[in-house]
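The primary structure of each chain is shown beneath.
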Amino acid sequence: MSNHPTLTAEPVARLIEALHKLPGIGPKSAQRLAYYILQADQQQIRDLSEAISAVKAKVSLCSICWNISDADICHICRDFKRDVSLVCVVEKPMDILPLERTRAYRGVYHALHGTIAPSEGIGPDQLKVKELLFRLRTGGVREVILATNPNVEGEATALYLQRLISPLGIKISRLARGLPFGADLEYTDEVTLTSALEGRQELSS
Amino acid sequence: MSAPRSYRTEAIVLRRTEFGEADRIVTFYTPEYGKLKAIAKGVRKPRSKLSGLVELFTHSTLLLSHGHNLDIVSQGEAIHPFVPLKNDLNRSGCAFYVVELVSRFTVEHQENAPVFDLLLATLVELCQTSNMDMLLRCFEADLLQCLGYRPNLHRCITCNSLLRPVANSFSPSGGGIICPACAGTEPVARPISANAIKVLRLLQNNDYAAICRVNMGKPLASEVEHVLRSYIEYLLERKVHSASWLDKLRHDARLSTALVTTVSPGPPGGEATTAAAVIPPGPATRHSP
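Keep in mind that this is a model prediction, so the values were computed, not measured. (Residues numbered from 1 in each chain as written. Chains lettered and ligands numbered in written order. Predicted model: local features only at pLDDT ≥ 70, side-chain atom pairs only at ≥ 80, totals over all residues.)

1. Some remarks on the overall build of chain B
Then comes step 1: Of regular secondary structure, chain B possesses eight helices and eight strands.
Then comes step 2: By the burial criterion, 42% of the 289 residues in chain B qualify as buried.
Then comes step 3: Considering only contacts within chain B whose residues lie at least 6 apart along the sequence, 58% involve residues at least 24 apart. (Helix = DSSP H or I, 4+ residues; strand = E, 2+ residues; numbered from the N terminus. Buried ≥ 20, exposed ≤ 12 C-beta atoms within 10 Å, placed from the backbone. Contact = placed C-beta atoms within 7 Å.)

As structure tokens, this is what we get:
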């Protein structure tokens with residue numbers, strides 16, 4: 001594609017090239033999208049390009065929780081009904097959406113913007129860890145829920161945060177690990193099953 | 001007859017990168033095929049049957065099928081999930097380092113079964129050892145040996161004369177020790193103490209039990225670490241990312257709980273050398289996980 005710029009008009013080739021850089025878009029999808037955009041009506045294209053430029057211009061990070069926000073402070077941190085003494089630490093702002101969808105959590109969040117990935121050269125200095133500690137030191141937080149992903153990097157991040165937070169005397173909890181709804185014991189790996197056994201809950205009558 | 005559509009292999013996960021909606025491209029190390037990349041489909045969904053198998057460090061038997069570009073992980077069974085490596089910050093830091101070295105030093109589809117055995121033995125040992133630093137040094141020395149980069153520690157690499165316990169230097173580019181007489185020929189060589197050379201020789205002779213009984217002071221341990229690291233980084237032509245994470249953990253540990261760096265002294269009666277090292281004889285117990 002980029003090797004044959006002469007096969008199609010230069011602006012189209014440029015558009016294909018740009019679309020191809022998006023995640024999950026292969027060369028064929030990029031071509032299809034480019035040709036669709038080419039034949040779409042003016043209004044639709046204007047909306048799309050405006051939406052794209054607005055998202056970069058108008059959206060910034062919340063100065064409290066580092067969630068994506070259209071103001072200095074995001075809608076969650078602005079909400080008076082939220083329990084600000086309960087902070088849920090997530091890897092990416094995207095992880096806030098599924099937690100919000102549960103409608104079961106009424107605390108606030110903190111987005112780290114990544115996980116500790118030593119082999120990729122990502123350490124705590126590249127994440128919003130300093131910001132989290134500053135926030136916790138300023139007081140008013142009773143519990144921190146570590147909601148990093150249950151994989152090696154997420155676990156390392158949680159353990160590291162635990163090491164940093166425990167001297168502050170704040171309660172630290174970790175999201176439970178266990179069987180997903182609708183799972184099958186036969187296919188469950190032993191790591192998951194072990195933590196499901198450890199985290200078993202008494203059924204009260 | 002056409003080639004079989006799928007094949008079975010043991011594998012240890014070295015790396016994984018996210019791909020598409022819910023897939024991951026996983027880099028394995030296998031005894032038969034060396035380093036191998038394969039795609040694990042749907043493993044980021046919570047109900048995936050494969051997700052446990054393609055988690056970092058996991059040792060498993062896998063059934064892979066030949067794909068268009070990449071092979072596809074179709075089923076498998078975990079042999080060692082290496083839970084302690086995932087639940088302990090220091091152990092996981094060491095394991096990150098171990099898999100990064102294997103991943104960086106090897107190329108795809110180049111069989112090297114000793115590297116697989118070494119990797120497996122190191123991860124098994126890492127789950128229980130109290131002396132992680134020493135285990136990493138043994139791993140580094142063994143890995144260099146498996147890959148054909150064994151440093152020359154007995155004769156000067158320039159004039160081939162036997163080394164004497166004086167102020168020698170180590171040359172990463174020459175892969176060995178340079179005697180004081182030849183030192184001027186190699187400007188990048190760094191000084192190395194006689195004791196450090198002795199420890200490196202022990203590491204090279206693979207005598208893990210003996211090495212564990214060596215009562216090494218902190219300066220000697222860090223000298224050996226730096227020599228090996230400079231050699232590794234010279235060979236890789238890049239920094240090892242996980243090494244800086246290990247350094248950070250160790251720095252933090254000085255303030256609180258320790259990444260165990262000192263070894264308990266060996267039993268009395270061991271033959272004392274001129275070095276600060278006490279090296280009683282002991283059988284090599286390295287590769288028996």
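There's plenty left to go through after this.
2. So, the domain arrangement of chain A
Then comes step 1: Per the domain assignment, the segments making up chain A are domain 1 (5-58) and domain 2 (81-174).
Then comes step 2: Distance from the C-alpha centre of domain 1 of chain A to the C-alpha centre of domain 2 of chain A: 36 Å. (Domains from an automatic or database assignment.)

3. Focus on the interface of chain B and chain A
Then comes step 1: At the junction of the two partners, chain B supplies 27 residues and chain A supplies 21 residues.
Then comes step 2: Contributions of two or more residues to the side of chain B that touches chain A are made by helix H1 (83-87), helix H2 (89-105) and helix H8 (241-255) of chain B.
Then comes step 3: Top element by residues in the side of chain B that touches chain A is H2(B). It accounts for six residues.
Then comes step 4: For the side of chain B that touches chain A, the class distribution of residues is eleven nonpolar, eight polar and eight charged. (Nonpolar A, V, L, I, M, F, W, Y, C, P; charged D, E, K, R; others polar.)

4. Quick word on the domain arrangement of chain B
Interface size is often expressed as the accessible area that is lost when the parts come together.
All names here are of chain B.
Then comes step 1: What the domain assignment lists for chain B is domain 1 (6-81) and domain 2 (87-255).
Then comes step 2: One C-alpha centre belongs to domain 1, the other to domain 2; they are set 30 Å apart.
Then comes step 3: The interface of domain 1 with domain 2 comprises 17 residues on the first partner and 17 residues on the second.
Then comes step 4: Broken down by element, the residue count for the side of domain 1 that touches domain 2 peaks at four residues, all from strand S3 (residues 34-40).
Then comes step 5: Of the residues assigned to the side of domain 1 that touches domain 2, the class counts are eight nonpolar, five polar and four charged.

5. Things to note about the confidence of the model for chain B
Residues and elements named next belong to chain B.
Then comes step 1: Looking at chain B as a whole, its pLDDT mean stands at 84, while 87% of the residues score no less than 70.
Then comes step 2: Predicted confidence for residues 257-289 stays below pLDDT 50, and this span has 75 contacts to residues more than four positions away or in other chains.
Then comes step 3: ipTM for the predicted complex: 0.81, alongside a pTM of 0.84. (pLDDT = per-residue confidence, 0-100.)

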